[in-house]
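Given next are the chains, with one letter for each unit.
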Amino acid sequence: MLGISHLLISGTSASLLLGTADPAVIAVGAIAGLLPDVDVSTSPAGRVLPWVSGYLEERMPHRSCTHSLASSAALACASYIVVFFFPQFVTFAHALNVGYFFGWFADCFTRGGVEMFWPSPIRCVCPGNRNLRLRTGSNAEYFVLVILVAIALSAFSVNSSGGIFTNFNRLIASPSGVTHIYNESGSAHKIVANITGVRVSDRAKIQGKYLLIQQQGTGFIVLEESTGKLYKAGNDPDSQIITEFITADVGAAAITNIEAITLNDEPVGATLAKFNRAGAMVFVSGQIFVDDFDTSAVQLDPYQFPYIKAAPSTITLEAAPLVIVQRLVGEEFASGNLQVRSITSSV
């Protein structure tokens, strides 16, 4: 096979099997696809490593030792021993082994085949009819190249938008797909929920984009950024938006930090003041205990998610915006535990 064929086959295989669109990882996989041909001095790998190719070329036929399960096993042992000491390179090790394997396995479809079970000299070829096998540089190989380019572009496109699982769940509008995207990318990006459904309050149709704040039950607490209103979207009884379809996209870069704090008869406002940072959206959850709280101060929009529930001695918060918490209970001295979620844009 031509070198470009090996590059495309191995690079595309690495992208698909590892579910990545990282150019560095794909490049490692693609280049690894050229390594089996180090047993020929005129190949790209042979020209880069002439002392290796010269040694192998004198002692064994082309597509024998380096085109075998034994060579793949040896490479795997060597690469993963390195990974044991340098675990940060594990993805590159995966790409190296995937690329190398598909680099030589593709030669099974050429006329000469490969000694897959070396040191046995028996050659593995496919298909059985010699006339249907590929000949290097033939029109059939160039036709295969066109197909490989199309597959490669499709693989890179799918993986750059979240991978096969993500795109499948986006297609069927599965809540589990939203959960998967949120768990996978929510710590470093904003997650945008695309919701089609019905508003519980007046049965009006809803179709729009919302910022996903957190998961709650089987639904999601979402923020309508244009109005600053919070809703629960899902099919739980306490949802404000009943979802018919829901998908998610990875939005702008943003860091989500979650910090637990404990109050011991301390002022709520002063304790939470440090989270009031420019460019950050902050939401507070948890339960605190106070003395004789004036519940009449809590007047929420009945059509929104009830992010604060108050009794004279107990205040329960669930994804309550920090500015609201500061305004309503900032002057109170309280005991209890809170969880503060901060979403800060990286730009």
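From a predicted model like this one, the values you see are computed outputs, not experimental measurements.

(A) Up close: unusual backbone geometry. Going from Trp118 to Pro119, the amide bond is cis rather than trans, its omega being 20°. The backbone of Asp292 shows a phi angle near 50°, a positive value even though the residue is not glycine. Looking at where Asp292 falls in the secondary structure, it is placed in the loop between β6 (280-289) and β7 (308-310). Overall, the relative accessible area of 69% leaves Asp292 in the exposed class.

(B) Main features of the packing of helix α5 (residues 69-85) against helix α6 (residues 90-105). As a packed pair, α5 and α6 sit with axes 10 Å apart at the nearest point and diverge in direction by 170°. In this view, α5 runs roughly antiparallel relative to α6, as classed from their interaxial angle. Seen from α5, the contacting residues are Leu69, Ser71, Ser72, Leu75, Ala76, Ser79, Tyr80 and Val83; seen from α6, they are Val90, Ala93, His94, Leu96, Asn97, Tyr100, Phe101 and Trp104. Considered class by class, the residues forming the contact of α5 with α6 number 11 nonpolar, 5 polar and no charged.

(C) Spatial organisation of the state of the cysteines. Scanning the model with the defined rule gives 0 disulfides in all. With no disulfide of its own, Cys108 lies closest to Cys124 among cysteine sulfurs, the gap being 6.0 Å. Overall, Cys108 belongs to the buried group, its relative accessible area being 5%.

(D) A nonpolar patch on the surface, seen in detail. A grouping of Ile81, Val82, Phe84, Phe85, Phe86 and Phe89 is seen on the molecular surface, where their side chains present a nonpolar patch of about 680 Å² in accessible area. Examined against the element boundaries, Phe86 turns out to sit in the loop between α5 and α6.

(E) Here's a closer look at the pattern of salt bridges. In the structure shown here, the tally under the stated rule is 9 salt bridges. Notably, a salt bridge pairs Arg59 with Glu58, separated by 3.5 Å at the nearest N-O pair. When the shortest N-O distance is used, the salt bridge between Glu244 and Lys205 registers 3.0 Å. Placement of Glu244 in strand β5 (residues 241-267) and of Lys205 in strand β2 (residues 205-216) is noted, with a sequence separation of 39 residues between them. Overall, the relative accessible area of 61% leaves Lys205 in the exposed class. Connected through shared salt-bridge partners, Lys232, Asp236 and Asp238 make up one network.

(F) Structural detail: the packing of helix α2 (residues 23-32) against α6. Contact geometry of α2 with α6 gives a least axis separation of 7 Å together with a crossing angle of 35°. Judged by the twist between their axes, the crossing of α2 over α6 is right-handed. Contacts between α2 and α6 involve Ala24, Val25, Val28, Gly29 and Ala32 from the first element and Thr91, Phe92, Ala95, Leu96, Gly99 and Tyr100 from the second. Considered class by class, the residues forming the contact of α2 with α6 number 8 nonpolar, 3 polar and no charged.

(G) Geometry of the pairing of strand β1 (residues 189-199). Pairing of β1 with β5, which is carried by 10 bridges, proceeds in the antiparallel orientation. Residue pairing in the sheet places Ile195 in a bridge with Ile246 of β5. Adjacent in sequence and paired antiparallel, β1 and β2 are bridged by 5 residues, among which Arg203 carries a positive phi angle near 65°.

(H) Spatial organisation of the pairing of strand β9 (residues 333-345). Inspection of the sheet shows β5 paired to β9 by 12 bridges, in the antiparallel sense. Paired with Pro267 across the two strands is Phe333, which belongs to β9. Inspection of the sheet shows β6 paired to β9 by 10 bridges, in the antiparallel sense. Bridge assignment links Val282 to a residue of β9, and that residue is Ser342.

(I) Representation of the environment of Ala76. Mapped onto the fold, Ala76 is located in helix α5. When its relative accessible area of 22% is taken as the criterion, Ala76 is described as partly exposed. Along the primary structure Ala76 and Asn97 are separated by 21 residues, whereas in three dimensions their C-alpha atoms are 6.2 Å apart.

Analysis parameters
The written sequence of each chain sets the order in which its residues are numbered from 1. In keeping with the predicted nature of the model, local features appear solely for residues at pLDDT of at least 70, side-chain atom pairs appear and are counted solely at 80 or more, and the whole-chain, interface and lining totals rest on all residues. Computation of side-chain values covers all heavy atoms of the structure but excludes hydrogens and water. To qualify as a helix, a DSSP run of H or I must reach at least 4 residues; to qualify as a strand, a run of E must reach at least 2; elements of each kind are numbered from the N terminus. Burial here depends on accessible area, computed with a 1.4 Å probe over protein chains only, as a share of the maximum for the residue type. Under 20% is buried, over 50% is exposed, and the range in between is partly exposed. As a rule, the C-alpha atoms of each element are fitted with a line to give its axis, helices using only the stretch in contact, and angles between N-to-C directions run from 0 to 180 degrees. Angle categories are assigned with fixed cut-offs, so that under 35 degrees is roughly parallel, over 145 is roughly antiparallel, 65 to 115 is roughly perpendicular, and the rest are oblique. Any two residues whose heavy atoms approach within 4.5 Å are treated as being in contact. Note on residue categories: nonpolar means Ala, Val, Leu, Ile, Met, Phe, Trp, Tyr, Cys or Pro, charged means Asp, Glu, Lys or Arg, and polar means any other residue, Gly included. Cysteine sulfurs are considered disulfide-paired once they come within 2.5 Å of each other. The patches reported here contain residues having more than 30% relative accessible area and no salt bridge. Joining distances are 9 Å for like charges and 5 Å for nonpolar side chains (Val, Leu, Ile, Met, Phe, Trp, Tyr). Reported accessibility uses the Shrake-Rupley method at a 1.4 Å probe radius. Residues are deemed covered only where the shown protein chains occlude them. One side-chain nitrogen of Lys or Arg within 4 Å of one carboxyl oxygen of Asp or Glu is enough to make a salt bridge. Handedness of a helix crossing follows the sense of rotation of the near helix relative to the far helix, less than a right angle counterclockwise being left-handed and clockwise being right-handed. DSSP bridges decide pairing: two strands pair if at least two such bridges lie between them.

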